[in-house]
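# Fold and contact review
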Amino acid sequence: MSEQRSQFIAYLEDMGKFDVGRVLPVFDRYHELLVETNAKINLVSRATPIDEYWTKHYLDSVTPARFFDFAGERVLDFGSGGGLPGIPLKILYPDSEMYLLDSIRKKCDAVTDIVKMLDVKGCQTVHSRLEEYRPDTRFDTIVCRSVRIEPRFAFSLKKLVRRGGKLLFYKAKEIDDLKPFGGIELLDASHPSLGERRIAVWKRK
């Protein structure tokens, strides 16, 4: 077992919220599929060693679960890329309804295949630009992990969140791109394998 995988398992166990015996085989399968697919289509940086996916991608993706419960929620992953953070959060919360939004067709097609092979229900890709996305229902939570938030995104993101819902931005030190939102709360999600990590929270009143 790799050290990074062990750190991921320890992180889940430390939270004490999840059946690690249930979710770990799904993460193992996702890891296998992501590595295999990434060799063909660039979903995540190929500069990252494969073993480090466990910390740099999966552990990082699930950090909001330290602070929030996504059970039963309707969640949008904006700029999903390789299904991150949406798929890891979906694995932890199988009764959530997860939408993986990306503007690049080949990434959406590849992640659609990964989701099918994982056989997780209530998880689908959406090929669209954010500004053009018109879902039937607003979201409880929108997660944004690897997208620099341009000023033009703020209006669309706010509009897609229901009243009482929230936007979660994965951040290190730089949060200047969140100025259009105002009223941001910062939660410390730092970890030795990640370095400084903060979850920036905007809530719609």
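Residues numbered from 1 in each chain as written. Predicted model: local features only at pLDDT ≥ 70, side-chain atom pairs only at ≥ 80, totals over all residues. Heavy atoms only, no water.

Attention now goes to unusual backbone geometry. For the peptide bond that leads from Leu 84 to Pro 85, omega is 10°, which places it in the cis range. Residue position: Pro 85 is located in the loop between β1 (74-78) and α4 (86-92). Positive phi, normally seen in glycine, also occurs at Asp 119, with a value near 60°. Positionally, Asp 119 belongs in the loop between α5 (105-118) and β3 (123-127). (Helix = DSSP H or I, 4+ residues; strand = E, 2+ residues; numbered from the N terminus.)

This brings us to the side chain of Asp 140. Tracing the backbone shows Asp 140 in strand β4 (residues 139-144). With a relative accessible area of 16%, Asp 140 lands in the buried category. Engagement of the side chain of Asp 140 in a polar contact is seen with the backbone nitrogen of Arg 74, the distance being 2.7 Å. If we ignore the near neighbours within four places in the chain, the residues touching Asp 140 are Glu 73, Arg 74, Val 161, Arg 162, Gly 165 and Lys 166. (Buried < 20%, exposed > 50% of the residue type's maximum accessible area, 1.4 Å probe, protein only. Polar contact = N/O pair within 3.5 Å; in protein donor to acceptor, adjacent residues only side chain to side chain. Contact = heavy atoms within 4.5 Å.)

All right, on to the pattern of salt bridges then. Taken as a whole and assessed by the stated rule, the structure comprises 15 salt bridges. For Asp 60, the salt bridge is made with Arg 197, and the minimal N-O distance between the two is 2.7 Å. Taken together, the residues span a long stretch of sequence, with Asp 60 in helix α3 (residues 53-62) and Arg 197 in the loop between β6 (185-188) and β7 (198-203) at a distance of 137 residues. Its relative accessible area of 13% is what places Arg 197 among the buried residues. Between Lys 166 and Glu 73 there is a salt bridge, and its shortest N-O distance comes to 3.3 Å. Here Lys 166, found in strand β5 (residues 161-171), pairs with Glu 73, found in the loop between α3 and β1; they are 93 residues apart in sequence, far enough to count as distant. (Salt bridge = Lys/Arg side-chain N within 4 Å of Asp/Glu carboxyl O.)

In this sheet, β3 lies alongside strand β2 (residues 97-102) in parallel orientation, the contact comprising 5 bridges. In the sheet register, Met 98 faces β3, and the bridge partner there is Cys 123. With respect to chirality, the unit in which β2 leads through α5 into the neighbouring parallel β3 is right-handed. (Pairing = 2+ DSSP bridges. Right-handed = clockwise from strand over helix to strand, strands pointing away.)

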